[in-house]
Amino acid sequence: FYQVIGNPNLDPEYADSIQLGADYTTPNRRGRIGVNLFRNDVEDLIESQSLGFVATPGQLAAILAAENLDPSFNPVLGRLLFTYKNINDVVTQGVEVDGDLAIGHGATVAGAYTFLDARDSNTERELTLRHRHQGYVKFGWALARIGLRANVRGSLYSSWIAARSTQDTVAPAFSLWDAYVSQRVVRGLSAYLAVNNLADNQDPNTGVVLPSGAPAGIYRPEVGRTVRVGV
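Our subject in this report is the structure included herewith.

Thresholds, definitions, all that
- Residues numbered from 1 in each chain as written.
- Predicted model: local features only at pLDDT ≥ 70, side-chain atom pairs only at ≥ 80, totals over all residues.
- Heavy atoms only, no water.
- 1 Å grid on protein atoms, 1.4 Å probe; cavity = no way out; pocket = protein on both sides within 12 Å on 5 of 7 lines; lining within 4 Å.
- Points joined across faces, edges and corners; volume = space filled by probe spheres on them.
- Nonpolar A, V, L, I, M, F, W, Y, C, P; charged D, E, K, R; others polar.
- Helix = DSSP H or I, 4+ residues; strand = E, 2+ residues; numbered from the N terminus.
- Contact = heavy atoms within 4.5 Å.
- Pairing = 2+ DSSP bridges.
- Polar contact = N/O pair within 3.5 Å; in protein donor to acceptor, adjacent residues only side chain to side chain.
- Salt bridge = Lys/Arg side-chain N within 4 Å of Asp/Glu carboxyl O.
- Buried < 20%, exposed > 50% of the residue type's maximum accessible area, 1.4 Å probe, protein only.
- Phe/Tyr/Trp six-rings, centres within 6.5 Å; stacked < 30°, edge-to-face > 60°.
- Lys NZ or Arg CZ within 6 Å of the ring centre and 35° of its normal.
- Axes fitted to C-alpha atoms, helices over the stretch in contact; angles between N-to-C directions.

### Some thoughts on the layout of surface pockets
Each pocket or cavity is described by its volume, and for the largest pocket that value is around 230 Å³. Lining of the largest pocket is provided by Y2, L80, F82, L129, H131, W160, A162, F174, I218, Y219, R220 and P221. Split by residue class, the lining of the largest pocket holds ten nonpolar, one polar and one charged. Roughly 190 Å³ of internal volume is contained in the second largest pocket. Residue lining of the second largest pocket: E47, Q49, I87, N88, D120, T123, R125, E126, L127, T128, R130 and R164, and that is the complete set.

### Things to note about the side chain of D117
Along the polypeptide, D117 turns up in strand β7 (residues 107-120). Sequence-distant contacts of D117, that is, excluding residues within four places in its chain, are made with V91, T92, Q93 and R132.

### Brief notes about the pairing of strand β3 (residues 31-43)
Successive residues of a regular strand alternate their side chains across the two faces of the sheet. Two strands pair when backbone bridges link them, and strand β2 (residues 14-25) and β3 are joined in this way by twelve bridges, in the antiparallel orientation. Each bridged residue has a counterpart across the sheet, and for L20 the counterpart in β3 is L37. As consecutive antiparallel partners, β2 and β3 are separated by five residues, and within that stretch R29 has a phi angle of approximately 60°, a positive value.

### Some details on the environment of T83
Structurally, T83 can be placed in strand β5 (residues 79-86). Sequence separation between T83 and N7 is 76 residues; the distance between their C-alpha atoms is 6.6 Å. Sequence-distant contacts of T83, defined by excluding residues within four places in its chain, comprise I5, G6, N7, E47, S48, Q49, L51 and L69. Among the polar contacts made by the side chain of T83, one reaches the main-chain carbonyl oxygen of I5 at a distance of 2.8 Å.

### Considerations on the pattern of salt bridges
Tallied over the full model, the rule gives eleven salt bridges. Of the charged contacts, one joins D178 and R153 as a salt bridge, the two residues approaching to 3.8 Å between their closest N and O atoms. Highlighted residues: D178 in strand β12 (residues 174-186) and R153 in strand β9 (residues 148-157), separated in sequence by 25 residues. Taking relative accessible area as the criterion, D178 reaches 18% and is therefore assigned buried.

### With respect to the pairing of strand β1 (residues 2-5)
Side chains Q3 and I5 of β1 all project onto a buried face; the interleaved residues Y2 and V4 project onto a face where none is buried. When β1 meets β5, the two strands line up parallel, connected through four bridges. The residue bridging I5 from the neighbouring strand is T83, located in β5.

### With respect to the packing of aromatic side chains
On inspection of all chains with the given rule, the structure shows four aromatic pairs. Ring centres of Y2 and F82 lie 5.9 Å apart, and the angle between their planes is 85°; on these two criteria the pair is classed as edge-to-face. With Y2 in strand β1 and F82 in strand β5, this pair connects stretches of sequence that are 80 residues apart. We classify Y2 as partly exposed; its relative accessible area is 44%. Where Y180 meets Y192, the ring centres are 6.0 Å apart and the plane angle is 20°; that geometry is what we call stacked. Of this pair, Y180 sits in strand β12 while Y192 sits in strand β13 (residues 189-196), and the two are twelve residues apart along the sequence. Among the aromatic side chains, those forming a connected cluster through ring pairs are Y157, W160 and F174. Sitting over the ring of F174, R220 keeps its end group 3.8 Å from the ring centre.

### Quick notes on the sheet that holds strand β14 (residues 226-230)
Strands belonging to one sheet form pairs held by backbone hydrogen bonds; the direction of such a pair is parallel or antiparallel. With respect to topology, nine strands assemble into an open sheet ordered β2-β3-β6-β7-β8-β9-β12-β13-β14, the strand pairing being antiparallel. Edge positions in the sheet fall to β2 and β14, since each of these pairs with one other strand and no more. If you compare each strand with its neighbour and ignore which way they point, the axes differ by 10° on average.

Have a look at this one:
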């Protein structure tokens, strides 16, 4: 779906970071919540940057010349091309909240949320390839007496800027859900079933062919739904 070309012209990056966090656990120890504030000031941040969707040899040659990259690089055409760059100075800051709660009868719920403000210090523009909002939730259930454990987990992502151009390419929000269940067969041996990406969620451009005949650019390749069984 994409290829990355190395960049020998990179400078090292430097960062100053500060974090301030706290946790609170309820007196009965059935619940916990944590909050963390963070800020990172980065000089000469190294980032993978999209060079666009390369469809023809002429387009590839023009991109390599414009970026001063090795012209001997010979990627497969019809894919999104990335390289690493120093993108000036940036600030990433935000807040993380996470917690878990035992709700009785072997059931638990847990979750986390991160708000991220990531910007170029010089232009104040948002950075690419970063989700402003990101979350996680998990519902679990366990019956120790019979050796049964199960959970459903979801990872939630807001829309993000996938590529910079005259008009930014904004990829849509999405969520990925997984499930797991295991049962003790005998002491020391359990059987399990795990399903990742329950809804088979994929990039909306997966399988889409442009009028030119080239595949549409894919910004978050997924392997699809995966099922595993084992002991």
